[in-house]
Amino acid sequence: MTTTYAALLRGINVGGNRKLPMADLRALLEELGHGDVRTYLQSGQAVFSSTHGDEESLAAELTAAIEKRFGFAVDVLVRDHAYLRAVADACPFPAAELEAKQLHATYFSGPVDEERFAGIDRAAHLPEEFRLGDRVLYLYTPVGLGRSRLAEQLARPRVNKGLIATTRNWNTVLKLVEMTRP
């Protein structure tokens, strides 16, 4: 059975560092035996179909292949359409009423619970807010991610210790749902 996945690469092509051209990423995924390979934007989203593996093994395979080919490590999360659709459908914020720059999803490599974020004073950051879902954190930032004090707190290494975390704006969240649709 063929499944369509999205690969989310963390921290590439930012500020001229860790450059990974999307054409090269597409070629690499094809060399790994995946089909229907497409990329979205330059910030590390690829969609592909595969008949083998699961999310974790596919992410590990791609991580190793990138390091071997390009000489630097990249954290990779792989998620299937059902998961991406569930994340979009479960959004606790009124996504249709917000600008894409105001709403983000941070995908995690494993489960997260409230205890992990207990040290963050939520009231001090209002009107910014976050809520947790299945391996995802929904983040509402009315002034945008780049100026968000809450996003800065959420990105601290002690908060994300032991997990891969990568954030996408809501337009990208929805585009990946569309691109992975069977």
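A brief look at the structure comes next. Being a predicted model, the structure only gives us computed values, none of them experimental.

In this section: the pattern of salt bridges. Overall, the coordinates contain 10 salt bridges when judged by the stated rule. For glutamate 129, the salt bridge goes to arginine 131, with nearest N and O atoms at 2.9 Å. Residue glutamate 152 is joined to arginine 156 by a salt bridge in which the shortest nitrogen-to-oxygen separation is 3.9 Å. Arginine 156 sits in the partly exposed class, given a relative accessible area of 32%. If you follow the salt bridges from partner to partner, you end up with Glu55, Arg79, Asp134 and Arg135 in one network.

Turning our eyes to something else, we now look at the nonpolar core. Counting residues in each nonpolar core, the largest one holds 24 residues, and the members touching the most others are Tyr107 and Trp170. When residues of this core are traced back to their parent elements, those giving at least two are strand 1 (3-9), helix 3 (81-89), strand 5 (103-108), strand 7 (136-140) and helix 6 (170-180). A total of five residues in this core trace back to one element, the largest contributor, which is helix 6. If sequence neighbours within four positions are ignored, tyrosine 107 has contacts with Leu8, Leu77, Tyr83, Leu84, Val87, Arg135, Val136, Ile164, Ala165, Thr166, Arg168 and Val173.

Quick look at the pairing of strand 4 (residues 76-80) now. With four of its five residues buried, strand 4 lies for the most part within the structure. Across five bridges, the pairing between strand 1 and strand 4 is antiparallel. The partner of leucine 8 across the bridge, within strand 4, is leucine 77.

Okay, helix 2 (residues 55-70) next. Its 16 residues place the ends of helix 2 22 Å apart at the C-alpha level, agreeing with the 22 Å of an ideal helix rising 1.5 Å per residue. Looking at helix 2, one finds that the buried residues are Glu55, Leu58, Ala59, Leu62, Ala65 and Ile66. Angular distribution of buried residues about the axis of helix 2 spans 135°; they occupy a single face of the element. When the buried face of helix 2 is taken as reference, the exposed residues oriented beyond 90 degrees from it are Glu56 and Lys68. Residues of helix 2 that are buried in the fold lie against strand 1, helix 1 (22-31), strand 3 (45-50), strand 4 and helix 3. Backbone geometry just after helix 2 places glycine 71 at a positive phi near 85°.

The next point concerns the pairing of strand 5. Burial of strand 5 is extensive: six of the six residues sit out of reach of the surface. Burial of strand 5 is two-sided: the residues Leu103, Ala105 and Tyr107 facing one way and the residues His104, Thr106 and Phe108 facing the other way are all buried. Sheet topology places strand 5 next to strand 7; five bridges connect them, and they run antiparallel. Pairing of alanine 105 across the sheet is with tyrosine 138, part of strand 7. Pairing geometry for strand 5 and strand 8 (residues 165-169), over five bridges, is antiparallel. By the bridge assignment for strand 8, tyrosine 107 is matched with threonine 166.

Rules and cut-offs
Residues numbered from 1 in each chain as written. Predicted model: local features only at pLDDT ≥ 70, side-chain atom pairs only at ≥ 80, totals over all residues. Heavy atoms only, no water. Salt bridge = Lys/Arg side-chain N within 4 Å of Asp/Glu carboxyl O. Buried < 20%, exposed > 50% of the residue type's maximum accessible area, 1.4 Å probe, protein only. Core = buried A, V, L, I, M, F, W, Y, C linked by side-chain atoms within 4.5 Å. Helix = DSSP H or I, 4+ residues; strand = E, 2+ residues; numbered from the N terminus. Contact = heavy atoms within 4.5 Å. Pairing = 2+ DSSP bridges. Expected span 1.5 Å × (residues − 1). Arc of directions from axis to C-beta.

These results come straight from atomic positions and should not be treated as a statement about function.
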